[in-house]
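Secondary and tertiary structure notes
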Amino acid sequence: MPPAYGRLTEIPEGPLGALATLRMMADMIRVPDPGLLDFVEGLRQRAGSHGLTETETARWLFDWTRARFVYVEDADDRRMGVQTEEVIQNPGASYAQMLAHGRARGDCDDYVVWLGALYYWLGFPLALEAVATHPDGQLDHVYLRVEVDGRWQGADAIPDAAGVFGWEPDDVTARVEWGV
């Protein structure tokens, strides 16, 4: 069984660091976890029994995750205002939190790995999108893009403005995409 968390302790600056992080996230999404696969099969059956279309299934998973995932930042040095550690939890760790507490906790990369695994194992094509939302171009956020009914749509459940399947940030100053 893979470890619950993957740690990148030495991340290169700039795009190389973003690529290393995105590669690790994509790998975590693709690792089969037996408990998660059973859970995904239950989701597949539930969507089928309700006659949900592909678009309705994608939106339902987005809303379901948004209601059960609490945003918390990774450890950082509050005195200096700098992040000192990036922690990415695998989908099995998020699933274990949901089983134990009814909710999972994590930041944007944890949301992406969790929701990405659900979409991936249900057969949706995905891409991870790292973006900068400030003029300095420093990548500061990651979200999913999901192909649904032949159209790529954003699945960014983090910002308050998001909340709607299909929303994507519009104030992007730099972008790096990684296919899953």
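Given the structure is predicted, the values throughout are model-derived calculations rather than measurements.

A look at the sheet that holds strand 10 (residues 174-179)
Think of a sheet as strands paired side by side through backbone hydrogen bonds, with each pair either parallel or antiparallel. With respect to topology, 4 strands assemble into an open sheet ordered 9-8-7-10, the strand pairing being antiparallel. Only two strands of the sheet have a single partner each, and these edge strands are strand 9 (151-155) and strand 10. Taken pair by pair, the neighbouring strands of this sheet meet at an average axis angle of 30°, ignoring direction. With respect to the sheet, helix 5 (residues 108-121) is in contact with strand 7 (126-132), strand 8 (141-148) and strand 9, its orientation differing from that of strand 8 by roughly 15°.

Things to note about the packing of helix 4 (residues 91-101) against helix 5
At a closest axis distance of 9 Å, the pairing of helix 4 and helix 5 adopts a crossing angle of 95°. In terms of orientation, helix 4 lies roughly perpendicular with respect to helix 5. Where helix 4 abuts helix 5, its residues P91, S94, Y95 and M98 lie against V113, W114 and A117. Considering only residue class, the contact of helix 4 with helix 5 consists of 6 nonpolar, 1 polar and no charged.

A closer look at the nonpolar core
Counting residues in each nonpolar core, the largest one holds 41 residues, and the members touching the most others are W114, L115, L118, Y119 and L144. For this core, the secondary structure elements donating two or more residues are helix 1 (14-30), helix 2 (34-49), helix 3 (54-68), helix 4, helix 5, strand 7 and strand 8. If we ignore the near neighbours within four places in the chain, the residues touching L115 are L61, F62, T65, L144 and A155.

Overview of the pairing of strand 8
Among the 8 residues in strand 8, 7 count as buried, and that is most of the element. Note: strand 8 against strand 9, 5 bridges, orientation antiparallel. By the bridge assignment, V146 is partnered in strand 9 with Q153. Taken together, strand 8 and the strand that follows it, strand 9, pair antiparallel across an intervening segment of 2 residues, in which D149 is found at a positive phi of about 50°.

Thresholds, definitions, all that
Residues numbered from 1 in each chain as written. Predicted model: local features only at pLDDT ≥ 70, side-chain atom pairs only at ≥ 80, totals over all residues. Heavy atoms only, no water. Pairing = 2+ DSSP bridges. Helix = DSSP H or I, 4+ residues; strand = E, 2+ residues; numbered from the N terminus. Axes fitted to C-alpha atoms, helices over the stretch in contact; angles between N-to-C directions. Contact = heavy atoms within 4.5 Å. Parallel < 35°, antiparallel > 145°, perpendicular 65-115°, else oblique. Nonpolar A, V, L, I, M, F, W, Y, C, P; charged D, E, K, R; others polar. Core = buried A, V, L, I, M, F, W, Y, C linked by side-chain atoms within 4.5 Å. Buried < 20%, exposed > 50% of the residue type's maximum accessible area, 1.4 Å probe, protein only.

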